[in-house]
Amino acid sequence: MRILLFTGKGGVGKSTVAAGTAALAAASGHRTLVLSTDPAHSLADAFGAHVGPEPTRVAEGLFVQQVDAQLRFEQSWSEIQRYLLSVLDVAGVDPLAAEELTVIPGAEEVLALLELRLHALSGDWDVIVVDCAPTAETLRLLALPEALGWYMHRVLPVERRVVKALKPVLTRAAGVPMPGDSVFDAVERLHAELDEVQALLSGPGASVRLVLTPENVVLAEARRSYTTLSLYGYRVDGVIANRVFPDGGSDDWRAGWVTAQDRVLTEVAQSFAGLPVWKSLYRAGEPVGVATLTELARELYDGADPLAAPGGEGPFRVTRNTRGAVLGLALPNVTRAEVDLARHGDDLVVTVGSYRRLLTLPAGLSRHRIAGARVDDGELQVRFEATGQEQ
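Treat the numbers as computed from the prediction; the structure is a model and nothing was measured.

**Section: the pairing of strand E1 (residues 2-7)**
Then comes step 1: The buried count for E1 comes to 6 of 6 residues, which makes it a mostly enclosed element.
Then comes step 2: The two faces of E1 match: Arg 2, Leu 4 and Phe 6 on one face and Ile 3, Leu 5 and Thr 7 on the other face are all buried.
Then comes step 3: Across 5 bridges, the pairing between E1 and strand E5 (residues 127-131) is parallel. Note on E5: the bridge partner recorded for Leu 5 is Val 130.
Then comes step 4: Here 5 bridges tie E1 to strand E6 (residues 206-212), and the two strands are oriented parallel to one another. Paired with Phe 6 across the two strands is Arg 209, which belongs to E6.

**What to know about the sheet that holds strand E8 (residues 277-281)**
Then comes step 1: With mixed pairing, 8 strands are arranged side by side in an open sheet as E3-E4-E2-E5-E1-E6-E7-E8. In the strand order of this sheet, the two ends are held by strand E3 (56-59) and E8, each with one partner. Strand after strand, the sheet turns through a mean of 25° between neighbouring axes, direction not considered.
Then comes step 2: Of the pairings in the sheet, the one linking E6 to strand E7 (residues 236-244) comprises 5 bridges and is parallel in character. Along E7, the bridge assignment pairs Val 208 with Val 236.
Then comes step 3: Where helix H10 (residues 252-271) meets the sheet, its contacts fall on E6, E7 and E8, and the angle it forms with E7 comes to roughly 180°.

**Observations concerning the side chain of Thr 351**
Then comes step 1: Mapped onto the fold, Thr 351 is located in strand E12 (residues 347-352).
Then comes step 2: Judged by relative accessible area, which is 12%, Thr 351 ranks as buried.
Then comes step 3: Of note is the side chain of Thr 351, whose polar atom sits 3.0 Å from the side chain of Arg 356.
Then comes step 4: Those residues in contact with Thr 351 that lie beyond four places of it in its chain are Glu 338, Val 339, Asp 340 and Arg 356.

**Here's the deal with the pairing of E3**
Then comes step 1: Pairing between E3 and strand E4 (residues 62-66): 3 bridges, direction antiparallel. Among the inter-strand pairings, Arg 57 is bridged to a residue of E4, identified as Phe 63.
Then comes step 2: The hairpin formed by E3 and E4 contains 2 residues between the paired strands, and Gly 61 there has a positive phi angle of roughly 75°.

**Some details on the pattern of salt bridges**
Then comes step 1: Counted according to the given criterion, the structure contains 14 salt bridges.
Then comes step 2: In this structure, Arg 117 engages Glu 196 in a salt bridge whose closest nitrogen and oxygen atoms are separated by 3.2 Å. Residue Arg 117 is found in helix H5 (residues 107-122), and its partner Glu 196 is found in helix H8 (residues 181-201); the two are separated by 79 residues along the sequence.
Then comes step 3: For Arg 117, a relative accessible area of 13% puts it in the buried group.

**Let's talk about the packing of helix H9 (residues 216-231) against H10**
Then comes step 1: Between H9 and H10, the least distance of the axes is 10 Å, while the angle of their chain directions is 5°. Between H9 and H10, the interaxial angle falls into the category roughly parallel. For the pair H9 and H10, the contacting residues are Asn 216, Leu 219, Arg 223 and Tyr 226 in the first and Val 264, Glu 267, Val 268 and Ser 271 in the second.
Then comes step 2: Along the lines of polarity and charge, the residues of the contact of H9 with H10 split into 4 nonpolar, 2 polar and 2 charged.

**Structural notes on the packing of aromatic side chains**
Then comes step 1: Taken as a whole and judged by the stated rule, the model has 8 aromatic pairs.
Then comes step 2: Seen from their ring centres, Phe 245 and Trp 257 are 5.7 Å apart, and the 25° between their planes marks the pair as stacked. Pair noted here: Phe 245 is in the loop between E7 and H10 and Trp 257 is in helix H10, with a separation of 12 residues, a long-range link.
Then comes step 3: When its relative accessible area of 14% is taken as the criterion, Phe 245 is described as buried.
Then comes step 4: Connected via pairs of aromatic rings, a cluster forms that spans Phe 245, Trp 253, Trp 257 and Tyr 282.

**Some thoughts on the confidence of the model for the protein**
Then comes step 1: Scored by pLDDT, the protein has a mean of 80; 73% of the residues are at 70 or more.
Then comes step 2: Per-residue pLDDT stays below 50 along residues 169-173; that stretch engages in 6 contacts with residues further than four places along the chain or on separate chains.

**Notes on the sheet that holds strand E14 (residues 368-376)**
Then comes step 1: Taken together, the 4 strands give an open sheet; going across it, the order is E9-E10-E15-E14, and neighbouring strands pair in antiparallel fashion. Only two strands of the sheet have a single partner each, and these edge strands are strand E9 (316-320) and E14. Here the strands of the sheet are splayed against their neighbours by 20° on average, with no regard to which way each runs.
Then comes step 2: The pairing of E14 with strand E15 (residues 379-386) spans 8 bridges and is classified as antiparallel. In the strand pairing of E15, Arg 369 is matched with Glu 385.

**Looking at the environment of Gly 123**
Then comes step 1: Among the secondary structure elements, Gly 123 is positioned in the loop between H5 and E5.
Then comes step 2: With 122 residues separating them in the primary sequence, Gly 123 and Met 1 have C-alpha atoms 8.3 Å apart.

**Quick notes on unusual backbone geometry**
Then comes step 1: Positive phi outside glycine occurs at Asp 302, with the angle close to 50°.
Then comes step 2: Tracing the backbone shows Asp 302 in the loop between helix H11 (290-301) and E9.
Then comes step 3: Assessed through its relative accessible area of 67%, Asp 302 is described here as exposed.
Then comes step 4: The backbone of Asp 377 shows a phi angle near 50°, a positive value even though the residue is not glycine.
Then comes step 5: Examined against the element boundaries, Asp 377 turns out to sit in the loop between E14 and E15.
Then comes step 6: For Asp 377, a relative accessible area of 78% translates into the label exposed.

Thresholds, definitions, all that
Residues numbered from 1 in each chain as written. Predicted model: local features only at pLDDT ≥ 70, side-chain atom pairs only at ≥ 80, totals over all residues. Heavy atoms only, no water. Buried < 20%, exposed > 50% of the residue type's maximum accessible area, 1.4 Å probe, protein only. Helix = DSSP H or I, 4+ residues; strand = E, 2+ residues; numbered from the N terminus. Pairing = 2+ DSSP bridges. Axes fitted to C-alpha atoms, helices over the stretch in contact; angles between N-to-C directions. Contact = heavy atoms within 4.5 Å. Polar contact = N/O pair within 3.5 Å; in protein donor to acceptor, adjacent residues only side chain to side chain. Salt bridge = Lys/Arg side-chain N within 4 Å of Asp/Glu carboxyl O. Parallel < 35°, antiparallel > 145°, perpendicular 65-115°, else oblique. Nonpolar A, V, L, I, M, F, W, Y, C, P; charged D, E, K, R; others polar. Phe/Tyr/Trp six-rings, centres within 6.5 Å; stacked < 30°, edge-to-face > 60°. pLDDT = per-residue confidence, 0-100.

So this is what it looks like as structure tokens:
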């Protein structure tokens with residue numbers, strides 16, 4: 001099964017490109033599902049069809065779904081929310097305000113990804129195309145499973161044992177109800193499901209495509225997204241430059257746009273060296289409907305296989321040698337000065353800008369010391385050596 005995620009700055013046309021790629025895959029005979037995890041759903045508009053919270057057939061082999069994030073929220077968060085509401089009730093918080101306080105910002109978008117997990121496990125699809133939320137929201141939700149995993153493995157077991165042993169005393173002393181096993185079970189279940197989602201999306205059959213328009217501000221965000229997606233272990237296998245003005249014509253206004261876009265497209269090629277950059281020309285009318293979207297994608301990929309599996313080892317690798325090992329993490333467009341590296345026990349903490357990843361070291365590396373680190377050709381390389389060896 002092939003999983004493709006499309007993201008980009010809001011307004012660059014990622015929903016149209018995602019819909020077109022899905023339509024082309026279905027036209028090639030693949031059982032294809034395209035679903036939206038963006039709260040501002042646009043897929044129905046792109047296909048010019050009514051699309052609901054369940055997969056809706058819009059063409060032979062092509063189904064579309066706009067995920068009902070509220071339903072997934074109720075299914076996966078309700079047990080935790082009930083406990084939080086009981087605590088706020090004891091504290092005297094107004095019920096309506098309490099309900100708002102127990103909804104984590106962005107949680108609905110994260111839980112929408114659980115729908116992807118169900119479809120992947122079903123075996124019903126050859127291709128799943130995901131129209132993600134705009135870049136910032138996508139990066140936050142893709143980082144959550146690993147962050148929650150750190151909490152689950154290091155904090156929750158201790159917290160659960162303490163609460164179980166001292167629950168009567170804590171309840172009387174604090175005056176608020178302590179969480180029961182059902183709450184802890186719900187958190188563990190949610191983590192396990194999100195962990196499966198992360199495994200799917202960081203696996204060899206999944207990749208992310210960045211959609212941009214040839215503008216400096218949009219390019220800057222796409223560059224940051226490429227770095228951050230790599231930081232969290234997700235493969236980026238291509239870039240789509242959308243709404244490119246075609247050459248030709250004599251009016252000065254369009255000629256100015258062509259010149260400006262050419263300059264940005266040169267920077268795009270440099271910023272994403274090694275990745276294909278597909279270009280979609282600015283069209284005279286808005287592409288709506290299966291036939292138009294299929295044609296758009298056919299022109300976009302221009303004979304290339306849009307479903308080709310990403311090559312290489314992925315953003316994260318460990319290479320062993322006689323002295324120890326080298327951990328490599330792809331960080332394109334980053335210099336050593338922009339990377340902060342720290343170690344806490346078995347965790348390697350990598351910070352790039354405002355994003356931080358806690359990498360739990362494999363058992364073979366956790367017993368080694370860090371002997372050095374550098375950023376070389378877009379990759380962070382951390383050298384580990386066995387204790388006692390000279391640097």
